[in-house]
Amino acid sequence: DAMVIQNPRYQVTQFGKPVTLSCSQTLNHNVMYWYQQKSSQAPKLLFHYYDKDFNNEADTPDNFQSRRPNTSFCFLDIRSPGLGDAAMYLCATSRVVGTGASYEQYFGPGTRLTVT
Amino acid sequence: KNEVEQSPQNLTAQEGEFITINCSYSVGISALHWLQQHPGGGIVSLFMLSSGKKKHGRLIATINIQEKHSSLHITASHPRDSAVYICAVKHMDSNYQLIWGAGTKLIIKP
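What you see is a predicted model, and the numbers here were worked out from it, not measured in a lab.

Parameters and conventions
Residues numbered from 1 in each chain as written. Chains lettered and ligands numbered in written order. Predicted model: local features only at pLDDT ≥ 70, side-chain atom pairs only at ≥ 80, totals over all residues. Heavy atoms only, no water. Contact = heavy atoms within 4.5 Å. Buried area = accessible area lost by both parts, 1.4 Å probe. Salt bridge = Lys/Arg side-chain N within 4 Å of Asp/Glu carboxyl O. Polar contact = N/O pair within 3.5 Å; in protein donor to acceptor, adjacent residues only side chain to side chain. Helix = DSSP H or I, 4+ residues; strand = E, 2+ residues; numbered from the N terminus. Buried < 20%, exposed > 50% of the residue type's maximum accessible area, 1.4 Å probe, protein only. Phe/Tyr/Trp six-rings, centres within 6.5 Å; stacked < 30°, edge-to-face > 60°. Pairing = 2+ DSSP bridges. Axes fitted to C-alpha atoms, helices over the stretch in contact; angles between N-to-C directions. Core = buried A, V, L, I, M, F, W, Y, C linked by side-chain atoms within 4.5 Å.

Asker: Give a description of the interface of chain A and chain B that names residues and reports values.
Answerer: The interface of chain A with chain B comprises 25 residues on the first partner and 19 residues on the second. Regarding the contact of chain A and chain B, the summed buried area is about 1,700 Å², with carbon and sulfur atoms giving 53% of it. Counting every contact that joins chain A to chain B gives zero salt bridges. Joining chain A to chain B, the criterion identifies four residue pairs in polar contact (both at pLDDT 80 or more).

Here it is, written out as structure tokens:
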């Protein structure tokens, strides 16, 4: 089945130790998104890739970076995790053509990050 | 005032009951999404609507663009329907950013 896969499902890292979360998709969608979701809050968009074009949300901290080496894979790098970065990180994809229309986002199962 | 308001915030019902969750929004949109999130889990997209009504199994979603209102209905509810249901809208001026409601936590008791 076509899907969005996130690895690992649970990640524990130490304060200040860089960590990478991964997302892959078999949907061949051109847009990939990373969201941060803290407990009982709505997901917050961190950035997205439209093909290879990276689009950072204005309020995304510099501590968060992303890479998209090809259509299928996208990585979220947290350079120096703080306790406040503990959250669920959700990857999503959509196929977008042109502007103005809306396309369904397909979400992965998420990676729950714990910072100790 | 939030741009997307959901009601109720919490809903507890007995198995078999008909469930309605409401979503109102105050911005111009190109689409409205209903999503489901189980505790500690990822998000599943249930519907994307720009007009009218959609049905999938026991789930029905409707939207009234003029009134800026959408409803999600669950018929013959089951304990496995227990989850947070989230309404999110795509602003007509944005290709990517969704404006999220706070979610409705649904518990279906056997």
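Moving on, there is more to tell.
Asker: I'd like a rundown of unusual backbone geometry, residues and numbers included.
Answerer: For the peptide bond that leads from Asn7 of chain A to Pro8 of chain A, omega is -10°, which places it in the cis range. By the secondary structure assignment, Pro8 of chain A is in the loop between β1 (4-7) and β2 (10-13). Between Ser7 of chain B and Pro8 of chain B the backbone carries a cis peptide bond, its omega angle lying at -10°. Looking at the element boundaries, Pro8 of chain B is found in the loop between β1 (4-7) and β2 (10-14). Non-glycine residue Lys68 of chain B carries a positive phi angle of around 55°. Position of Lys68 of chain B among the secondary structure elements: in the loop between β7 (59-64) and β8 (69-74). Here Lys68 of chain B falls in the partly exposed class, since its relative accessible area comes to 31%. Of note, Ala76 of chain B is a non-glycine position whose phi angle comes to about 45°, a positive value.

Asker: Describe the packing of aromatic side chains, naming the residues involved and giving the relevant values.
Answerer: With the rule as written, the count across this model stands at eight aromatic pairs over all chains. When the centroid spacing of 5.6 Å and the interplanar angle of 40° are considered together, the rings of Tyr35 of chain A and Phe107 of chain A count as tilted. Of the two residues, Tyr35 of chain A is situated in strand β4 (residues 31-37) and Phe107 of chain A in strand β10 (residues 106-107); the sequence distance between them amounts to 72 residues. For Tyr35 of chain A, a relative accessible area of 0% puts it in the buried group. Taken together through their ring pairs, the aromatic side chains of Tyr33, Tyr35 and Phe107 of chain A together with Trp100 of chain B make up a single cluster.

Asker: Would you mind going over the sheet that holds strand β6 (residues 52-56) of chain B in detail, with residue names and values included?
Answerer: Residues and elements named next belong to chain B. If you walk across this open sheet you meet the five strands as β1-β3-β8-β7-β6, and the pairing is antiparallel. Of all strands in the sheet, those bounded by a partner on one side alone are β1 and β6. Neighbouring strand axes in the sheet, compared pairwise and without regard to direction, differ in orientation by 15° on average. Judged from the four bridges that link them, β1 and strand β3 (residues 19-25) form a sheet pairing that is antiparallel. Considered in β3, the bridge of Ser7 is made with Asn22.

Asker: Give a detailed account of the nonpolar core, specifying residues and quantitative values.
Answerer: Counting residues in each nonpolar core, the largest one holds 25 residues, and the members touching the most others are Leu32, Trp34, Leu72, Tyr85 and Val89 of chain B. Secondary-structure elements contributing two or more residues to this core are β3, β4 (29-37), β5 (43-49), β7, β8, β9 (83-91) and β11 (104-109) of chain B. If you look at the next biggest cluster of nonpolar residues, it comprises 18 residues, including Val4, Phe64, Ala87 and Leu113 of chain A.

Asker: A description of the pattern of salt bridges should follow, citing residues and the corresponding values.
Answerer: Residues and elements named next belong to chain B. Applying the stated criterion across every chain yields a total of three salt bridges over all chains. Arg58 is paired through a salt bridge with Asp81; the nearest N and O atoms lie 2.8 Å apart. Placement of Arg58 in the loop between β6 and β7 and of Asp81 in the loop between β8 and β9 is noted, with a sequence separation of 23 residues between them.

Asker: Mind laying out the side chain of Gln6 of chain A, listing which residues take part and the relevant values?
Answerer: Residues and elements named next belong to chain A. One can find Gln6 in strand β1. The class of Gln6 is buried, set by a relative accessible area of 1%. Looking at Gln6, its side chain comes within polar contact range of the main-chain nitrogen of Cys91, at 2.9 Å. Among the polar contacts made by the side chain of Gln6, one reaches the main-chain amide nitrogen of Gly110 at a distance of 3.0 Å. Apart from the residues lying within four places of it in its own chain, the contact partners of Gln6 are Ser22, Cys23, Trp34, Tyr89, Leu90, Cys91, Gly108, Pro109, Gly110 and Thr111.

Asker: Break down the sheet that holds strand β8 (residues 73-78) of chain A for me, citing the residues and quoting the values.
Answerer: All names here are of chain A. Spatial strand order, β1-β3-β8-β7: four strands in an open sheet with antiparallel pairing. In this open sheet, the two edge strands, each paired with only one partner strand, are β1 and β7 (64-67). Adjacent strand axes in the sheet meet at a mean angle of 20°, parallel and antiparallel pairs treated alike. Strand direction decides the pairing type here: β7 and β8, joined by four bridges, are antiparallel. Bridging from a neighbouring strand, Phe64 pairs with Ile78 of β8.

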